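Here are the chains, one letter per residue:
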Amino acid sequence: MKMNILGFITGLLFGLGLLLAGMANPAKVQGFLDLAGLWDPSLAFVMGGGIGVSIIFFTLAKRTPKTLLTHEDMKLPTSVVIDKRLILGSALFGIGWGIGGICPGPALVAVGTGSLGGVLFAAAMLVGMLIFERLQKKA
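Residues numbered from 1 in each chain as written. Predicted model: local features only at pLDDT ≥ 70, side-chain atom pairs only at ≥ 80, totals over all residues. Heavy atoms only, no water.

*Asks:* Explanation requested: the packing of aromatic side chains in the structure shown.
*Replies:* Given two aromatic rings, their pairing is described by the distance between the two centres and the angle made by the two planes. For the coordinates displayed, the defined rule picks out one aromatic pair. Ring geometry for Phe-32 and Trp-39: centres 6.4 Å apart, planes at 35 degrees, overall tilted. Take Phe-32: its relative accessible area is 12%, and that puts it in the buried class. (Phe/Tyr/Trp six-rings, centres within 6.5 Å; stacked < 30°, edge-to-face > 60°. Buried < 20%, exposed > 50% of the residue type's maximum accessible area, 1.4 Å probe, protein only.)

*Asks:* Honestly, the pattern of salt bridges in this entry has me stumped. Any pointers?
*Replies:* Here the structure, examined in full by the defined rule, presents two salt bridges. Linking Lys-28 and Asp-40 is a salt bridge whose minimum nitrogen-to-oxygen distance equals 3.1 Å. Placement of the pair is Lys-28 in helix H2 (residues 26-33) and Asp-40 in the loop between H2 and helix H3 (42-62), with a sequence separation of 12 residues. By relative accessible area, Lys-28 is classed as partly exposed at 24%. Look at Asp-40 and you get partly exposed, because its relative accessible area is 24%. Residue Asp-73 is joined to Lys-66 by a salt bridge in which the shortest nitrogen-to-oxygen separation is 2.8 Å. (Salt bridge = Lys/Arg side-chain N within 4 Å of Asp/Glu carboxyl O. Helix = DSSP H or I, 4+ residues; strand = E, 2+ residues; numbered from the N terminus.)

*Asks:* Hey, could you run me through a nonpolar patch on the surface in this one?
*Replies:* Taken together, the side chains of Met-1, Ile-5, Phe-8, Ile-9, Leu-12 and Leu-13 make up a nonpolar region of the molecular surface, amounting to roughly 700 Å² of accessible area. By the element assignment, Leu-12 lies in helix H1 (residues 2-21). (Patch = residues over 30% accessible without salt bridge, like charges linked within 9 Å, V, L, I, M, F, W, Y side chains within 5 Å. Areas by Shrake-Rupley, 256 points an atom, 1.4 Å probe, with all protein chains shown as cover.)

*Asks:* Can you walk me through the nonpolar core in this structure?
*Replies:* Here is a general trend for soluble globular proteins: nonpolar side chains tend to be buried in one another's company. Counting 10 residues, the largest nonpolar core is built from Leu-18, Ala-21, Met-23, Ala-24, Val-29, Phe-32, Leu-43, Trp-97, Cys-103 and Val-109. The set of elements that each furnish at least two residues to this core consists of H1 and H2. Residue contacts for Met-23: discarding those within four places in its chain leaves Leu-18, Val-29, Leu-43, Val-46, Trp-97 and Pro-106. (Core = buried A, V, L, I, M, F, W, Y, C linked by side-chain atoms within 4.5 Å. Contact = heavy atoms within 4.5 Å.)

*Asks:* It is not clear to me how the packing of H2 against helix H4 (residues 84-100) should be interpreted in this structure. Could you clarify?
*Replies:* How two helices sit against one another is set out by the angle between their axes and by the gap between those axes. With their axes 8 Å apart at the nearest point, H2 and H4 run at an angle of 120 degrees to one another. Contacts between H2 and H4 involve Pro-26, Val-29, Gln-30 and Leu-33 on the former and, on the latter, Trp-97, Gly-98, Ile-99 and Gly-100. In terms of residue class, the contact of H2 with H4 is built from five nonpolar, three polar and no charged. (Axes fitted to C-alpha atoms, helices over the stretch in contact; angles between N-to-C directions. Nonpolar A, V, L, I, M, F, W, Y, C, P; charged D, E, K, R; others polar.)

And the structure:
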């Protein structure tokens, strides 16, 4: 129960931050990605803030064997391999983000606000995840 409450509060704060930053607004995101047109640099501050906070807390997390609130084992990524799969996945993510103007976190926030575009994006994302899982089982 404690984990569910923490997860809910964390998700709520994250979603609120995405809404306030404009990350759930595809037009704002596409304006940020449109370097050759009417570029909107405001999301660079959001990204810079996120990276700055992440660097601090990931550095602290590497030194801590247990999580602070639940005292579970810390589970951080360990792979440093940059392979074809990572590059292809990153490229597909970036292309989808540029075309749709939205990525998975903001898509779920948009679903919560009742946005039809968010619902369609989330549905397409789930279909893509299912296809990936099926391909992984065959490989």
